[in-house]
Structure formats: C-alpha cells, structure tokens
Amino acid sequence: VVTSVSALRELAEQLAAICSFSDRPFIALTRNAAGPNAVTLTDALPDPLQHERLLHSALFHEASFGLMQFHHRFAREYLAACWVRKRIDAGLPLSRAMKLFFQSYLDNSILLESRIAELSWLASMHAGVRELAIHSFPEIALCEGDPARWGESQLLDALDAYIHRIHTDRYLKLHGDW
C-alpha cells in the first residue's frame, strides 16, 4: 500500500496525465466498466495495492457504477501539468514534451484545444514553456493556470502579442463563443 503522501501524489499525477493526454476523463474500476471515455485502472496503475488508497482520497468521486473520476477537472489538469513539468525537469527535451499539446499541420503548430488547460498550468510552472506560450499562443495567459506565477513583463508581452494577433486576423479562436 502507498504510505507516503509524496508517493500518493506521484500516482495521482501519473493517473491525471494518463486521463488528460488520452482524452479519457473516467477511470474504470474493472474492464467490464471500461468504455471509450475511460482508462482501465489496472492498465494505468498495475499494482492493485495502489488503487485503494488513491481512489479513496478526496481527489476522486464515483461518476457512475464502476467509474471514478477526478473530483474536479481543474485538479486533473493541474496534476497532469505537474507530471509533465517533472519529466522536463528530469531531462525530457521541451520540444518532445510540447508534442503533448501541439500537432503540426502544413508546417504550422496547432494547439490542441483539449490540452489548453494543462498547457496553461504548465506555463505557470515552467519558464521555458511560458516563453513558448508568449510567442506561439499568447492567449494561454488568459486561460486556466496561475497567471500570478508569470512575471508582470511576461504577462504584458503575452497580452500585447494576443492583441496583435487579433488585429492582424491571425487569431485562432480557442472557443466558439470568444
């Protein structure tokens, strides 16, 4: 059984990353409960002793019979960003980590809409990601994450770049209602 809080947090980050980056927010407790929107718990965390304590923490609640989910998507998005940050800090090249958030199309980087929140949180945690966001997708500063972790000059640069994109018609809408 996972005994330390840090080990429990590591497992929560891992599970959050699996759910976020596979675009499957639910966690199936058994293979029978798994559907297209669910990660099978035993595939995500092979050690059954890890399941009990983690899923009975305040991070999770039962979504329906046999399915669990993070109590709030903000928690899942934040923990997934923490998981990526740790990988970058451990030596994962930033260019490889960013492949979780972008796709290339005709030599352009396209931000995956389903990963905006995770990237926004990651930008508030990591200076290199923040610089990339300012130049490539400055609207990230207006999304989830913690803009208080950005420097004032970085926020101003991001807002200036965002306004410039709007005025030059190169603005990519994040949401249909913006």
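Everything quoted here is computed from the prediction, not taken from an experiment.

What counts and how
Residues numbered from 1 in each chain as written. Predicted model: local features only at pLDDT ≥ 70, side-chain atom pairs only at ≥ 80, totals over all residues. Heavy atoms only, no water. Helix = DSSP H or I, 4+ residues; strand = E, 2+ residues; numbered from the N terminus. Buried < 20%, exposed > 50% of the residue type's maximum accessible area, 1.4 Å probe, protein only. Contact = heavy atoms within 4.5 Å. Areas by Shrake-Rupley, 256 points an atom, 1.4 Å probe, with all protein chains shown as cover. Lys, Arg positive; Asp, Glu negative; His and termini not counted. Charge placed at Lys NZ, Arg CZ, Asp CG, Glu CD. Salt bridge = Lys/Arg side-chain N within 4 Å of Asp/Glu carboxyl O. pLDDT = per-residue confidence, 0-100. Arc of directions from axis to C-beta.

Participant: What exactly am I supposed to notice about the overall build of the protein chain here?
Facilitator: When helices and strands are counted, the protein chain shows eight helices and six strands. Going from N to C terminus, the protein chain has its helices and strands arranged as α-β-β-α-α-β-β-α-α-β-β-α-α-α. In terms of principal-axis extent, the alpha carbons of the protein chain reach across some 55 × 30 × 25 Å. Of all 178 residues assigned to the protein chain, the portion counted as buried reaches 41%. Of all intrachain contacts in the protein chain linking residues separated by at least 6 positions in sequence, the fraction that spans at least 24 positions is 55%. Total accessible area on the protein chain is roughly 9,900 Å²; 55% of this is exposed by carbon and sulfur atoms. Both charge centroids of the protein chain, one from 17 positive and one from 21 negative side chains, sit 5 Å from each other.

Participant: What's the story with unusual backbone geometry in this structure? I'm lost.
Facilitator: Even without glycine at this site, Asp23 takes up a positive phi of about 55°. Taking the relative accessible area as the measure of exposure, Asp23 reaches 42% and is therefore partly exposed.

Participant: Just to check I follow, could you spell out the pattern of salt bridges for this structure?
Facilitator: Between side chains of opposite charge, pairing is possible as soon as their charged atoms come close. Under the definition given, this model contains 10 salt bridges. Among the salt bridges present, the one from Glu139 reaches Arg165, with a minimum N-O distance of 3.1 Å. Of the two residues, Glu139 is situated in the loop between helix H7 (127–136) and helix H8 (152–167) and Arg165 in helix H8; the sequence distance between them amounts to 26 residues. Note on Arg165: relative accessible area 10%, which makes it buried. Beyond isolated ion pairs, a larger network of salt bridges with shared partners links Arg9, Glu10, Glu13, Lys86 and Arg87.

Participant: How should the confidence of the model for the protein chain be read in this particular structure?
Facilitator: Close inspection of predicted coordinates is inappropriate in any region flagged by low pLDDT. In the predicted model, the protein chain carries a mean pLDDT of 84, and the fraction of residues at 70 or more is 93%. Taking the mean pLDDT of every element in the protein chain, the minimum, 76, falls on helix H3 (residues 48–55) and the maximum, 96, on helix H4 (residues 73–89). Between residues 173–178, whose pLDDT stays under 50, and residues either more than four places distant or in other chains, the model counts nine contacts.

Participant: It is not clear to me how helix H6 (residues 116–125) should be interpreted in this structure. Could you clarify?
Facilitator: Side chains that are three or four residues apart share a direction in an α-helix, a result of its 3.6 residues per turn. Most of H6 is tucked away, with 10 of its 10 residues classed as buried. Three or more residues of H6 are buried, namely Ile116, Ala117, Glu118, Leu119, Ser120, Trp121, Leu122, Ala123, Ser124 and Met125. Next to the buried residues of H6 lie helix H1 (5–21), H4, strand E5 (102–105), strand E6 (108–111) and H7.

Participant: Would you mind going over H7 with me for this structure?
Facilitator: Here H7 has its buried residues at Val129, Arg130, Ala133 and Ile134. Around the axis of H7, the buried residues are gathered within 140° of arc, so they sit on the same side. Tucked inside the fold, the buried residues of H7 contact H4, helix H5 (94–97), H6 and H8.

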